[in-house]
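# Summary of structural features
What follows is each chain in one-letter form.
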Amino acid sequence: ITKDLQTSCPILVVDDEPVNRFIVKNFCDRLNIPVIDASDGASAFQIIQSSLRQLPNNSLSTQLPFRMIVLDYQMPQMSGPELLRKLKVMADEKNLVLPPVVGYTALISKQEQDIFLESGAIGMLEKPTTFDKFCSLISKHIPKV
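Read on for a plain summary of the structure.

What counts and what doesn't
- Residues numbered from 1 in each chain as written.
- Predicted model: local features only at pLDDT ≥ 70, side-chain atom pairs only at ≥ 80, totals over all residues.
- Heavy atoms only, no water.
- Helix = DSSP H or I, 4+ residues; strand = E, 2+ residues; numbered from the N terminus.
- Buried < 20%, exposed > 50% of the residue type's maximum accessible area, 1.4 Å probe, protein only.
- Contact = heavy atoms within 4.5 Å.
- Areas by Shrake-Rupley, 256 points an atom, 1.4 Å probe, with all protein chains shown as cover.
- Pairing = 2+ DSSP bridges.
- Axes fitted to C-alpha atoms, helices over the stretch in contact; angles between N-to-C directions.
- Parallel < 35°, antiparallel > 145°, perpendicular 65-115°, else oblique.
- Left-handed = near helix turned anticlockwise from the far one by under 90°.
- Nonpolar A, V, L, I, M, F, W, Y, C, P; charged D, E, K, R; others polar.
- Right-handed = clockwise from strand over helix to strand, strands pointing away.
- Core = buried A, V, L, I, M, F, W, Y, C linked by side-chain atoms within 4.5 Å.
- Expected span 1.5 Å × (residues − 1).

### Observations concerning the overall build of the chain
Summing up its helical and strand segments, the chain has five helices and seven strands in all. Tracing the chain from N to C terminus, the helices and strands come up as β-α-β-α-β-β-α-β-β-α-β-α. For the chain, the residues scored as buried account for 46% of the 145 residues in total. In the chain, of all internal contacts separated by at least 6 residues, the share reaching a separation of at least 24 is 69%. When the accessible surface of the chain is totalled, it reaches about 7600 Å², and 50% of it is carbon and sulfur.

This is the structure we're talking about:
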């Protein structure tokens, strides 16, 4: 990970298991990347909507203020793929640019992977993961500042 990936723009981590959020937050802390976390898809959607209200309304296309979204598959209220589909609809309606979204799941069946990728995820991170795997994924998918 290079210095140009370290930015004040956070990664949004969405997982119903506190331990999984803690692991990703720990990895990001080691890289000096801030994190905002949510315990389910519905909470994450509210966080994203709230962040949109704080953005200037004068551009043709707006980048969501997150470097990446790390998204669990199975969560209460709204699954990862459901949230991702909802975000894509919102992005289309409001002319938003979504950050890269990565599926983060223990149940890495081919079917689950396909559902996540068809929903718009750009990659998968299997639980449990390592710092090296996380860094590899981050460096491939977070655009440089």
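### Topic: the sheet that holds strand β1 (residues 11-14)
Strand pairs in the sheet, formed through backbone hydrogen bonds, run parallel or antiparallel to each other. What the five strands build is an open sheet, ordered β2-β1-β4-β6-β7; its pairing is parallel. Only two strands of the sheet have a single partner each, and these edge strands are β2 (35-38) and β7 (123-126). This sheet shows a mean twist of 20° between the axes of neighbouring strands, independent of strand direction. As defined by bridge partners, β1 adjoins β2 across four bridges and the pair is classed as parallel. In the sheet register, Val 14 faces β2, and the bridge partner there is Ala 38. Packing of helix α5 (residues 131-141) onto the sheet brings it into contact with β1, β4 (68-72), β6 (101-105) and β7, and relative to β7 it is tilted by some 165°.

### Considering the packing of helix α3 (residues 80-94) against helix α4 (residues 110-119)
For any two helices packed against each other, one specifies the crossing angle of their axes together with the interaxial distance. α4 packs onto α3 with a crossing angle of 15° between their chain directions and a minimal axis gap of 9 Å. Relative to α4, the element α3 is oriented roughly parallel. Viewed along their axes, α3 and α4 form a crossing whose handedness is left-handed. Side by side, α3 and α4 meet where Gly 80, Pro 81, Leu 84, Arg 85 and Lys 88 of the first sit next to Ile 115, Phe 116 and Ser 119 of the second. Partitioning the contact of α3 with α4 into residue classes produces four nonpolar, two polar and two charged.

### Observations regarding the pairing of β1
Side chains Ile 11 and Val 13 of β1 all project onto a buried face; the interleaved residues Leu 12 and Val 14 project onto the opposite face, where all are buried too. Following the chain from β1 across helix α1 (residues 18-30) to the adjacent parallel β2, one finds a crossover that is right-handed. Where β1 and β4 come together, four bridges link them in parallel fashion. Bridge assignment links Leu 12 to a residue of β4, and that residue is Ile 69.

### Comments concerning the nonpolar core
Among the nonpolar cores identified, the biggest contains 24 residues, and Val 14, Ile 48, Ile 69 and Leu 71 are the most heavily contacted of them. Val 24, Leu 31, Cys 135 and Ile 142 belong to the second largest nonpolar core, which has 18 residues in total.

### Comments concerning the environment of Leu 98
Summarising the element assignment, Leu 98 is placed in the loop between β5 (96-97) and β6. Overall, Leu 98 belongs to the partly exposed group, its relative accessible area being 23%. On a C-alpha basis, the gap between Leu 98 and Met 68 in space is 8.6 Å, while along the polypeptide they are 30 residues apart. Other than its neighbours up to four places away in sequence, Leu 98 contacts Gln 63, Leu 64, Leu 87, Lys 88 and Ala 91.

### Section: α3
Three- or four-residue spacings in an α-helix give side chains the same orientation, since the helix completes a turn every 3.6 residues. Given a rise of 1.5 Å per residue, 15 residues ought to cover 21 Å, and the 21 Å separating the end C-alpha atoms of α3 matches this to within 8%. Residues Gly 80, Pro 81, Leu 83, Leu 84, Leu 87, Met 90 and Ala 91 constitute the buried set of α3. Contact partners of the buried residues in α3: α2 (41-53), β4, β5, β6 and α4. Two residues or fewer after α3 comes Asn 95, characterised by a positive phi angle close to 55°.

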